[in-house]
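Each chain is listed here by its residues.
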Amino acid sequence: MDGEKNVRYLEKALSGVPEDFSGKLLEVPVGTGVLTMPVYRDLPDADITCLDYSEDMMRKAKERAGRMGIRNVSFLQGDVGALPFADESFDVVLSLNGFHAFPDKEAAYQETWRVLKKGGTFCGCFYIRGQCARTDWIIRNMYQKLGYFTPPYETAGSLKKRLGELYAEAEVTAVEGIGCFRCRKAG
Ligand SMILES: C[S@@+](CC[C@H](N)C(=O)[O-])C[C@H]1O[C@@H](n2cnc3c(N)ncnc32)[C@H](O)[C@@H]1O
């Protein structure tokens, strides 16, 4: 994917996070934080929680946050399929490049919905199949074998349907093989 498309998919995926956001945000999975710490640096009044299964990835995210002087982000090791938060805890749940990797996708959809407040926003992006034959081939024959991706994968249509059933509003935009979404929970 070229630079322009990278910018476009990230802009879409992050479009559910207001520029002056000051509420509670959960990011899962944060990975190394390479995509989001630059965003959080500009949200000093937000209360941000980042979760990932891998302690190793999160250590890198924590170090990155430290280097950037970010103070309002807490980090927690955990499983997206069993989130350690009460129902309706967050105003925004953000998930970048995670659902194609999560082993139990049904639990991940349920849990991200459960911890979101009524009227809150679920947004992000992940790989969807059927948009780019070359990407599909690489994922099936390389990344899946390495364990970075776990089927089954959504298509643009199946993702729109699934999110439309869970949320009051759901917008899905495909940027090559990446499905970007922004949803609002009824309430
Ligand atoms: C491709 S990385 C994406 C990280 C980051 N959001 C980004 O876009 O750079 C996928 C991440 O999902 C995490 N992950 C996989 N299964 C998980 C689970 N069940 N619960 C939480 N995180 C998980 C991995 O540890 C990894 O950091």
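Note that the structure is predicted; figures quoted are calculated from it, not measured.

## Focus on the site of the ligand
- In the region of the ligand, 18 residues are neighbours, and Pro-29, Gly-31, Tyr-53, Ser-54 and Asn-97 sit closest.
- Partitioned by chemical class, the residues of the shell around the ligand number 11 nonpolar, five polar and two charged.

## Structural notes on the environment of Gly-3
- As for its position among the elements, Gly-3 is in helix H1 (residues 3-13).
- In the structure, Gly-3 is positioned 76 residues away from Asp-79 in sequence and 31 Å away in space, judged by C-alpha atoms.

## With respect to the sheet that holds strand S7 (residues 178-184)
- With mixed pairing, seven strands are arranged side by side in an open sheet as S3-S2-S1-S4-S5-S7-S6. Across the chains shown, the open sheet's two edge strands, defined by having one partner strand only, are strand S3 (73-77) and strand S6 (169-175). For this sheet, the mean angle separating the axes of adjacent strands, direction not counted, is 15°.
- Relative to S3, strand S2 (residues 47-52) runs parallel, the two sharing five bridges. Following the sheet pairing, Ile-48 is matched in S3 by Val-73.
- The sheet strands contacting helix H3 (residues 55-67) are S2 and S3, and the helix crosses S3 at an angle near 170°.

## Structural notes on helix H4 (residues 105-114)
- Those residues of H4 that fall on the buried side of the exposure criterion are Lys-105, Ala-108, Tyr-109 and Thr-112. Within H4, the buried residues cover an arc of 100° as seen down the axis, which keeps them to one side.
- The inward-facing, buried residues of H4 abut strand S4 (90-96), strand S5 (116-127) and helix H6 (156-166).

## Some words on unusual backbone geometry
- Backbone torsion omega between Val-28 and Pro-29 reads 5°, so that peptide bond is classified as cis.
- Here Pro-29 shows up in the loop between strand S1 (24-27) and helix H2 (37-40).
- A cis amide bond, omega 5°, links Pro-151 with the succeeding residue Pro-152.
- Tracing the backbone shows Pro-152 in the loop between helix H5 (133-146) and H6.
- Of note, the phi angle at Glu-88 is positive, near 55°, even though the residue is not glycine.
- Note that Glu-88 resides in the loop between S3 and S4.
- The backbone of Asn-97 shows a phi angle near 55°, a positive value even though the residue is not glycine.

## Details of the nonpolar core
- Leu-25, Val-93, Cys-125, Ile-178 and Phe-181 are the most contacted members of the largest nonpolar core, which totals 50 residues.
- With six residues, the top contributor of residues to this core is S5.
- Setting aside residues no more than four positions away along its own chain, Ile-178 makes contact with Tyr-9, Cys-125, Phe-126, Tyr-127 and Ile-128.

Definitions and limits used
- Residues numbered from 1 in each chain as written.
- Predicted model: local features only at pLDDT ≥ 70, side-chain atom pairs only at ≥ 80, totals over all residues.
- Near = placed C-beta within 6 Å.
- Nonpolar A, V, L, I, M, F, W, Y, C, P; charged D, E, K, R; others polar.
- Helix = DSSP H or I, 4+ residues; strand = E, 2+ residues; numbered from the N terminus.
- Pairing = 2+ DSSP bridges.
- Axes fitted to C-alpha atoms, helices over the stretch in contact; angles between N-to-C directions.
- Contact = placed C-beta atoms within 7 Å.
- Buried ≥ 20, exposed ≤ 12 C-beta atoms within 10 Å, placed from the backbone.
- Arc of directions from axis to C-beta.
- Core = buried A, V, L, I, M, F, W, Y, C linked by C-beta atoms within 7 Å.

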